[in-house]
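What the coordinates show
Okay, here's what each chain looks like letter by letter:
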Amino acid sequence: MPTEFELRKKNQQFANKARAGKNPVKPSRQERLAKRSPISLWALGIILFVVLGGVLFELIRIIFL
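Here goes a summary of the coordinates provided. Note that the structure is a prediction, hence the values are computed from the model and not measured.

Analysis parameters
Residues numbered from 1 in each chain as written. Predicted model: local features only at pLDDT ≥ 70, side-chain atom pairs only at ≥ 80, totals over all residues. Heavy atoms only, no water. Helix = DSSP H or I, 4+ residues; strand = E, 2+ residues; numbered from the N terminus. Rg over C-alpha atoms; globule rule 2.2 N^0.38 Å. Buried < 20%, exposed > 50% of the residue type's maximum accessible area, 1.4 Å probe, protein only. Areas by Shrake-Rupley, 256 points an atom, 1.4 Å probe, with all protein chains shown as cover. Lys, Arg positive; Asp, Glu negative; His and termini not counted. Charge placed at Lys NZ, Arg CZ, Asp CG, Glu CD.

**Brief notes about the overall build of the chain**
When its secondary structure is counted, the chain shows three helices and zero strands. Counting from the amino terminus, the chain carries its helices and strands in the arrangement α-α-α. In terms of overall size, the chain is more extended than a compact globule, its C-alpha atoms giving a radius of gyration of 26 Å where 65 residues would be expected to give roughly 11 Å. Overall size of the chain, expressed as C-alpha extent along the three principal axes, is 85 × 20 × 15 Å. The burial tally for the chain puts 2% of its 65 residues in the buried class. With the model as given, the accessible surface of the chain reaches about 6700 Å², and the carbon-plus-sulfur share is 67%. Treating the 12 positive side-chain charges of the chain as one cloud and the 4 negative ones as another, the clouds have centres 3 Å apart.

Following this line, the structure appears as C-alpha cells:
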C-alpha cells in the first residue's frame, strides 16, 4: 500500500497535469450549471411560437386587409 507521502506526490502531479490541460477532467457541477441556459428549451419554444405567430398574423392582416 502506498504511503501518505506517495499519495500526496501523485495527487500533486495529477493536479499539475490537470491545470496544464494534459488530462481531461470532468467538469464540476457548478461549471455545468454555469453553462446552462436560464430558460428551458420548451419555454423558449413557446415564446418563439407566440412571437413568430404574432408577427405572421400581423403581416397577414397588413397584406390582406
